[in-house]
Amino acid sequence: MTQAPTPTVDTVRRLVRTLLEESPDGTGGPEVRPVREGHAHTWWVGARHVLRLAPDREASTARRRELRLRDLVRPHVPVAVPTSVAHGDWAPGLAYTLDTKVPGGTADEHDVSAVGEADLAGLLTGLRAVPVRQVETLGAPRAAPRSLEALRRMAVHAAERLASADEFDAARLHQLTPPGAAQLAAQTATAVLTHHGLTGEHVVVSADGRVRGILDWTAAALGDPAEDIAGLAVAVGSPAAVRAATLAGYGARPCLRGLWLARCDTVIRLTDHLDGRAPGDLLLLRTQLRRAWEPILLERLTDFEEDESES
């Protein structure tokens, strides 16, 4: 298999010159710079655009699907979804999109206010309202619900490793028992459109705590809505995530399922990083662990209404 080229500053500059008008002083267009050091496939273009280059053919398929999916989602949600001003191939078979920048910082930089939680509730409500048939027509995949019990077992072992490194109290995972994990299994016939990647860097938050936009829809899938609740728990903290999900009409079961997916995930991810099995920013992984394990009143509940249609 032919190795995909690595984009360089010159690669990006040449592409940008073909997409945007050159500056009046003849300098050849706006400044380009990587969004993050060491990441060669996402670039700021001036102050108003971001260029995303697919690294392989699988990512290219997801980028092309994302263009149509964003147009489908946009009317249903109260927050901004990036708009593409140009798209095509930056190398043979490798897609790019040049998107408008959504103004604001990230959820890793700004706390979400009460009004911002209402914005997130509108996001979850809107995603549930997107017609499943139209999503399927666009070719979005279906993501099978994860086994919370299998995840719990992995997290128990990971927590012991964190405890030995004085990073975490492993006894906290005892709150999730095998019967509890079984009780929080995903319910049938609950598949909705999920963003499936609600990390802090994908949630755009303004300085006043409003949620202004949601970035990167390439992982969107039809699946378990608890996955997006889990993503928000990691991005903005468990109390804010659960309040937003409750405002969106989700009951105790999907909220608690999302909470425990997030808690198990963060324990496992930090352990994998400490053991050298996964890259990442240690400070951010610790922050995500703290957010996911913030206490909420709801987790004290042990019984659920069996007729909860939203769960």
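Here the structure is a predicted model, which means the values were calculated and not measured.

Analysis parameters
- Residues numbered from 1 in each chain as written.
- Predicted model: local features only at pLDDT ≥ 70, side-chain atom pairs only at ≥ 80, totals over all residues.
- Heavy atoms only, no water.
- Salt bridge = Lys/Arg side-chain N within 4 Å of Asp/Glu carboxyl O.
- Core = buried A, V, L, I, M, F, W, Y, C linked by side-chain atoms within 4.5 Å.
- Buried < 20%, exposed > 50% of the residue type's maximum accessible area, 1.4 Å probe, protein only.
- Helix = DSSP H or I, 4+ residues; strand = E, 2+ residues; numbered from the N terminus.
- Contact = heavy atoms within 4.5 Å.
- Pairing = 2+ DSSP bridges.
- Polar contact = N/O pair within 3.5 Å; in protein donor to acceptor, adjacent residues only side chain to side chain.
- 1 Å grid on protein atoms, 1.4 Å probe; cavity = no way out; pocket = protein on both sides within 12 Å on 5 of 7 lines; lining within 4 Å.
- Points joined across faces, edges and corners; volume = space filled by probe spheres on them.
- Nonpolar A, V, L, I, M, F, W, Y, C, P; charged D, E, K, R; others polar.
- Axes fitted to C-alpha atoms, helices over the stretch in contact; angles between N-to-C directions.
- Parallel < 35°, antiparallel > 145°, perpendicular 65-115°, else oblique.
- Left-handed = near helix turned anticlockwise from the far one by under 90°.

**Topic: the pattern of salt bridges**
- In total, this model carries 22 salt bridges according to the counting rule given.
- In this structure, the salt-bridge partner of aspartate 208 is arginine 212, at a minimum N-O distance of 3.4 Å.
- Linked through salt bridges whose partners overlap, the residues forming this network are Arg52, Glu66, Arg70, Asp99 and Asp216.

**Comments concerning the nonpolar core**
- With 68 residues, the main nonpolar core has Leu120, Leu123, Leu193 and Val203 as its most contacted residues.
- For this core, the element with the most residues is helix α9 (residues 252-274), which contributes ten residues.
- The contact partners of leucine 193, leaving out residues within four places of it in the chain, are Leu69, Val73, Leu127, Val130, Val135, Ala220, Ala221, Leu222 and Asp228.
- Membership of the second largest hydrophobic core comes to 14 residues, among which are Leu15, Trp43, Ala91 and Leu98.

**Describing the pairing of strand β9 (residues 211-214)**
- Bridge count for strand β8 (residues 203-205) against β9 is three bridges, and the pairing is antiparallel. Looking at β9, one finds that valine 203 is bridged to isoleucine 214.

**Comments concerning the side chain of histidine 195**
- Mapped onto the secondary structure, histidine 195 falls in the loop between β7 (192-194) and β8.
- A polar side-chain atom of histidine 195 sits 2.8 Å from the main-chain carbonyl oxygen of leucine 215.
- What histidine 195 contacts, discounting residues up to four positions off in sequence, is Leu127, His202, Ile214, Leu215, Asp216, Trp217, Ala219, Ala220 and Asp228.

**Re empty space enclosed by the protein**
- In total, this model carries two cavities of 30 Å³ or more according to the counting rule given.
- Its boundaries defined by the atoms lining it, the second largest cavity holds a volume of some 50 Å³.
- As for the second largest cavity, its lining consists of Leu124, Leu127, Arg128, Val192, Leu193, Pro225, Asp228 and Tyr250.
- Looking at the lining of the second largest cavity element by element, the count peaks at three residues for helix α3 (residues 114-129).
- Of the residues contributing to the lining of the second largest cavity, the split by class is six nonpolar, no polar and two charged.

**Details of the packing of α3 against helix α7 (residues 226-236)**
- One can describe the packing of α3 onto α7 by two numbers: an axis separation of 12 Å at closest approach and a directional angle of 160°. In terms of axis orientation, α3 runs roughly antiparallel to α7. Considering how the two elements wind past one another, α3 and α7 form a crossing that is right-handed. Contact with α3, carried on its side by Leu120, Leu124 and Leu127, involves Asp228, Leu232 and Val236 of α7 and no other residues of that element.
- Residue composition of the contact of α3 with α7, grouped by class: five nonpolar, no polar and one charged.

**Points about α7**
- With respect to burial, α7 is a largely interior element, eleven of its eleven residues being buried.
- Listing the buried residues of α7 in full gives Ala226, Glu227, Asp228, Ile229, Ala230, Gly231, Leu232, Ala233, Val234, Ala235 and Val236.
- In this structure, the buried side of α7 is in contact with α3, β7, β8, α8 (238-247), α9 and α10 (282-292).
- Once α7 ends, the next one or two residues include glycine 237, with phi positive near 100°.

**Concerning unusual backbone geometry**
- Phi angles above zero are rare outside glycine, and aspartate 166 is one such case at about 60°.
- Along the polypeptide, aspartate 166 turns up in the loop between α5 (148-164) and α6 (178-183).
- Residue classification places aspartate 166 among the exposed positions, given a relative accessible area of 73%.
- Backbone geometry at histidine 196 places phi at a positive 65°, although glycine is not the residue there.
- Tracing the backbone shows histidine 196 in the loop between β7 and β8.

**Points about the sheet that holds strand β4 (residues 84-91)**
- Spatially, the five strands line up as an open sheet ordered β1-β2-β3-β5-β4, and their pairing is antiparallel. Each of the sheet's edge strands pairs with one partner strand only, and the pair in question is β1 (32-34) and β4. Going across the sheet, the axis of each strand differs from the next one's by a mean of 25°, ignoring polarity.
- For β1 and strand β2 (residues 42-45), the ladder comprises three bridges, and the chain directions are antiparallel. Bridging from a neighbouring strand, valine 32 pairs with valine 45 of β2.
- Against the sheet, helix α1 (residues 9-19) touches β1, β2, β3 (49-53), β4 and β5 (94-100), its axis set at about 120° to β3.
- Set on the sheet, helix α2 (residues 57-73) makes contact with β3, β4 and β5; between it and β5 the angle comes to about 35°.

**As for the packing of α7 against α9**
- α9 packs onto α7 with a crossing angle of 55° between their chain directions and a minimal axis gap of 7 Å. As far as their axial angle goes, α9 and α7 are oblique. By crossing handedness, the relation of α7 to α9 is classed as right-handed. Between α7 and α9, the residues in contact are Ala226, Glu227, Ile229, Ala230, Ala233 and Val234 and Pro254, Cys255, Arg257, Gly258, Leu261, Ala262, Thr266 and Arg269, respectively.
- Each residue belonging to the contact of α7 with α9 can be placed in one class, and the counts come to nine nonpolar, two polar and three charged.

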